[in-house]
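One letter stands for each residue in the lines below.
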Amino acid sequence: MESVYNPQTVEERIYKFWEEKGYFHGKVDAQHKPFAVVIPPPNVTGILHMGHVMDETPQDIMTRFRRMQGYNTVWIPGTDHAGIATQNAVEKSLRKENLSRHKIGREKFVEMVWKWKEQYGNTIIQQLKRLGCSCDWSRLRFTMDEDYSKAVMEVFIRLYKKGLIYQGDYIINWCPRCQTALSDEEVEHRDIEGGLYWIKYPMKDKNADVTQIMVATTRPETMLGDTAVAVHPDDKRYKDLIGKTVILPLVNREIPIIADSFTNPEFGSGAVKVTPAHDPNDFAMGQRHNLAFIKVIGPDGKMNENAGAYKGLDRFEARKKVIADLEAQGLYDKKDKHMHAVGHCYRCETMIEPYLSLQWFVRMKPLAEPAIQAVKDGRVKFFPERWDKVYMEWMTNIRDWCISRQLWWGHRIPIWYCGAKRRPDDHRDKTSEQCPPIASKDKPAKCPKCGNTELTQDPDVLDTWFSSWLWPFAVFGWPKETAELKYFYPTAWLNSGKDILFFWVSRMIMAGIEFGGDVPFRHVYIHGIARDDKGRKLSKSLGNSPDPIDLMTKYSADALRFGIMTNIPLGGDINLSEEVYVSGRNFCNKLWNASRLILTNLPTSEEVTMSNEQCSLLPANCSLSFEDKWILSRLNSTIADYTKALESYEFSQAAHSVYHFFWGDVCDWYLEMIKPRLYSKEPGGDKALKSNLLHLFNTILRLLHPLIPHITEELWQNFREKGGWSESVMIAPWPESDSKLIYKEAEDEMKLVMEIIRAVRDIRNKMDIDKKQALSIIVSTADKGTTGIIETHRKMIEHIANISSTDIKVKAKKPDHSATEVISEGKYKVEVFVPLEGIINLDAEKKRLQNKLAKAEEQLTRSKQQLSNREFRKNAPPEILAKEEAKNAALAEQFGKLKKSLDDLR
């Protein structure tokens, strides 16, 4: 073994070893229980980011864990064609050549996207391998693969024939930059400071008592498409105006004043403009009152021909000109600051335009009902459970899903229109609909109604999520009844971020029940969001999102995995910082160094060569010392706690339990206790100890393997030569806790020993005594039983704590000028005295402590005065107040310890 662990020379070699051995491949095997997981397919355009690490690391942990438990595991990898993102990437490259997709045509453009995908599309796959993901790469899927595309077409046609897919004019979310519709879930709402503009609408009847009505709006530019002004029917201010007519400013169109209960009398002036073609609420109002729908903004975000003199202006430029023209005509009153939530494209962050368009939709309520029931009856369980409520609320109030996208890259909608003279986009204007649309995977030979052979396919493609909601069963060959589908579906578990609960998770449950015949997975683990050390969400725009590849290069993949898993709360957000990755690296180095220590002192011989099976029988074959029994007891307790935590997806708890066992119990205590035995020069050495060490490290490597797979495999291969173990830790059996090997009495005694040693170390620290300085101690016990126990472990205490002599007595008298630590550990009550005369300069130490005590008292007094100040407590932000209270508590504790130390010296 190298003296220092170098992950750069290990991780790639180890991963190739696993792939060559075929450990990742899961075959249909009725003799074993399946454990199937599907990866949330990353975008084919994507590169690994911290969100992926949080997605994939827990999946790999569970897959490796279940594989070692004897399950027949398969983790299906794949990528999503990512319609908007991929098309944008290719169009960007075209612009560099002064080309556009429209210039080269649809067929050539799609061909270019496929070439781009082959060249750049698998970058993230290699990066997932770098992370250590044990996916079955022989089953790699892509949502545009031929078989997968057939499944998408099958689902569309089934839903269409069932009446659950329909075409209709609706206000949809439109991205002017991406030039496509977006579903509600693809829109990110941000609170921005805008304006509330007050505009005067003149009454048609100039002789009436009221000559104008004041309208307040956040979007003056859309007023060019107004077809009414609305007031609340119970608003007394406008009761006499209902049914009257106003003249729309700038356009001079006559529009009615209507009464609608949706109008909020408290908003603005209580009178609102109604623009049915550019606002979802106005759209519903327009339907209720049979209003005209006039579009004044085009798909490019510019004003169209209906906007008159404003045609060609960008929507925001038009706003400025509309305000200026209104002001010139004396119809503009004022602008108030106004905070409101505005939708933005989740891809390019462009402000969304509510847009009236003919689109394809899925009726979701019939699909949602059985999916709601699946969670109610426990067939699908969320971890943490609080996500049940979030899921239920969204599913209960679910809206129809807009599935058509105005893109060229994606699954073309399998709808055909009759009519040779029709342009591909004529269906949007609802012209010539004598022959109904035809749903077909392939182009029909002729129109079934009129026999026309000239048919045109719908130009739109399906929303990317329409393909990915089939993922858990389509990856196994659905709609064919394959052996893999029968064996691996439903899958066992899904890990996903909370940001795609509605995009993906909920829809998969609906699709799984509708088409797969069962829920797509039994358990859903929802992880939180990665944030920086200031609590901000990691993002490229903030520049606070580290590159996982850089982190793996600097610290190692295992360090990245372990650091994150140690710090991630169940379902909560995680704050990532350099310390997280450093702690992971330090743990790996600790494991390497401890393993090297053991291997250096374990000569190859038949006496210590043990297989896995022999290791499990170790306690029955060996005579165990106290410390061996204790570490075996702690090991079996840890196995039980660790396994339970993994099965509950408590990854942080699992990582912490094994961390504290290995770093604390094994390295800080057990290895220190056994060094005299380990370095023994006696012929043959301590056979029981060396056998126990092999068993201990065999189990530790198996426990740690799901968390840090590369280093545990490398160490396993080093131990194999002396342990006769299986060819890989990956296929070694998962450790099982044996309650017979949990020795509570040994653990209780060891806690007492550890507390005595800690007490001596604390005194050294407080009195600034060098660690190399041997000390004499007096241990005062409450009874003879405790005295006997401590006497039994005297040598161990003296060895670890560097004690030259130990006097153990029942109710011993405290010597003068000695430091004291009181121990209350379970049933044991003990005092530890360390005489200081001759060890330190008592006068100098008294003076040093008096100075520190005076300074601490001064700081404590100031803190108390601050906290007793009423104005401070009243005006200070909660976080500042909490910080000051915590500071006060720490100062009080420090003051108490210093006073006690000074009293000891006196």
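Treat the numbers as computed from the prediction; the structure is a model and nothing was measured.

### Structural notes on the overall build of the protein
Alright, step 1. Scanning the protein from N- to C-terminus turns up 30 helices and 29 strands.
Alright, step 2. Overall size of the protein, expressed as C-alpha extent along the three principal axes, is 110 × 70 × 55 Å.
Alright, step 3. Across the 906 residues of the protein, 54% fall into the buried class.
Alright, step 4. About 41000 Å² of surface is accessible on the protein, with carbon and sulfur atoms providing 48% of the total.
Alright, step 5. In the protein, 128 positive and 124 negative side-chain charges are present, and the distance between their average locations comes to 1 Å.

### Comments concerning the pattern of salt bridges
Alright, step 1. Overall, the coordinates contain 49 salt bridges when judged by the stated rule.
Alright, step 2. Its salt-bridge partner being E91, residue R101 comes within 3.1 Å of it at the nearest N-O pair. Of this pair, R101 sits in helix α4 (residues 101–104) while E91 is found in helix α3 (residues 83–96), placing the two residues 10 residues apart along the sequence. The residues R101 and E91 share a single accessibility class, namely buried.
Alright, step 3. Note that E755 and R758 form a salt bridge whose closest N and O atoms lie 2.8 Å from each other.

### Considerations on a positive patch on the surface
Alright, step 1. On the surface, K92, R95, K96 and R177 cluster together to form a positively charged patch.
Alright, step 2. Inspection of the secondary structure puts K92 in helix α3.

### A look at the packing of helix α18 (residues 578–600) against helix α23 (residues 687–704)
Alright, step 1. Contact pair α18 / α23: the axes reach a minimum separation of 11 Å and the direction vectors enclose 155 degrees. Here α23 runs roughly antiparallel to α18, going by the angle between their axes. Once α18 is placed against α23, the crossing between them reads as left-handed. Between α18 and α23, the residues in contact are F587, L591, A594, S595 and I598 and L693, F697, I700, L701 and L704, respectively.
Alright, step 2. Of the residues in the contact of α18 with α23, the class split is 9 nonpolar, 1 polar and no charged.

### Digging into the confidence of the model for the protein
Alright, step 1. Confidence along the protein averages 89 in pLDDT terms, with 95% of residues attaining 70 or more.
Alright, step 2. Every residue in residues 420–432 scores below 50 in pLDDT, and together they form 26 contacts with partners more than four places removed in sequence or on other chains.
Alright, step 3. pLDDT under 50 marks residues 605–619. Its contacts with residues more than four places away, or in other chains, come to 38 contacts.

### Details of the sheet that holds strand β27 (residues 803–810)
Alright, step 1. Pairing is mixed in the open sheet, where 4 strands are placed in the order β27-β26-β29-β28. This sheet does not close on itself; its edge strands, each paired only once, are β27 and β28 (818–825). Mean inter-strand twist for the sheet, computed between neighbouring axes without regard to direction, equals 20 degrees.
Alright, step 2. Here strand β26 (residues 775–781) runs beside β27; their pairing, made up of 7 bridges, is parallel. Each bridged residue has a counterpart across the sheet, and for V779 the counterpart in β27 is I808.
Alright, step 3. Lying over the sheet, helix α25 (residues 744–767) contacts β26, β27, β28 and β29 (828–835), oriented at roughly 150 degrees with respect to β28.

### Details of helix α28 (residues 842–868)
Alright, step 1. Here α28 spans 38 Å end to end across 27 residues, near enough to the 39 Å set by a 1.5 Å rise per residue.
Alright, step 2. Those residues of α28 that sit buried are L842, E845, L849, L853, A856, L860, S863 and L867.
Alright, step 3. Next to the buried residues of α28 lie α25, α29 (870–875) and α30 (878–905).

### Observations regarding the pairing of strand β10 (residues 245–248)
Alright, step 1. Pairing analysis gives 4 bridges linking β10 to strand β11 (residues 253–259), with the strands arranged antiparallel. Directly across from T245, in β11, lies its bridge partner P256.
Alright, step 2. Connecting β10 to the antiparallel partner β11 that follows it, the hairpin turn spans 4 residues, and L250 within it adopts a positive phi of roughly 70 degrees.

### Concerning the packing of aromatic side chains
Alright, step 1. Taken as a whole, this structure holds 53 aromatic pairs when the rule is applied.
Alright, step 2. Each ring, one from W469 and one from F515, has its centre 6.5 Å from the other, and the planes form 75 degrees; the classification is edge-to-face. Separated by 46 residues along the polypeptide, W469 in the loop between α12 (464–468) and α13 (471–474) and F515 in helix α15 (residues 501–516) bring together distant segments of the chain. Comparing W469 with F515, the two get one shared label, buried.
Alright, step 3. Here W493 and F651 contribute two aromatic rings whose centre-to-centre distance is 6.3 Å and whose plane-to-plane angle is 55 degrees, an arrangement assigned as tilted. Taken together, the residues span a long stretch of sequence, with W493 in strand β22 (residues 491–497) and F651 in helix α22 (residues 651–678) at a distance of 158 residues.
Alright, step 4. Its relative accessible area of 0% is what places W493 among the buried residues.
Alright, step 5. Clustering of aromatic rings is evident, with ring pairs tying together F156, Y160, W360, W401, F466, W469, F473, W478, Y489 and F515.

About the cut-offs
- Residues numbered from 1 in each chain as written.
- Predicted model: local features only at pLDDT ≥ 70, side-chain atom pairs only at ≥ 80, totals over all residues.
- Heavy atoms only, no water.
- Helix = DSSP H or I, 4+ residues; strand = E, 2+ residues; numbered from the N terminus.
- Buried < 20%, exposed > 50% of the residue type's maximum accessible area, 1.4 Å probe, protein only.
- Areas by Shrake-Rupley, 256 points an atom, 1.4 Å probe, with all protein chains shown as cover.
- Lys, Arg positive; Asp, Glu negative; His and termini not counted.
- Charge placed at Lys NZ, Arg CZ, Asp CG, Glu CD.
- Salt bridge = Lys/Arg side-chain N within 4 Å of Asp/Glu carboxyl O.
- Patch = residues over 30% accessible without salt bridge, like charges linked within 9 Å, V, L, I, M, F, W, Y side chains within 5 Å.
- Axes fitted to C-alpha atoms, helices over the stretch in contact; angles between N-to-C directions.
- Parallel < 35°, antiparallel > 145°, perpendicular 65-115°, else oblique.
- Left-handed = near helix turned anticlockwise from the far one by under 90°.
- Contact = heavy atoms within 4.5 Å.
- Nonpolar A, V, L, I, M, F, W, Y, C, P; charged D, E, K, R; others polar.
- pLDDT = per-residue confidence, 0-100.
- Pairing = 2+ DSSP bridges.
- Expected span 1.5 Å × (residues − 1).
- Phe/Tyr/Trp six-rings, centres within 6.5 Å; stacked < 30°, edge-to-face > 60°.

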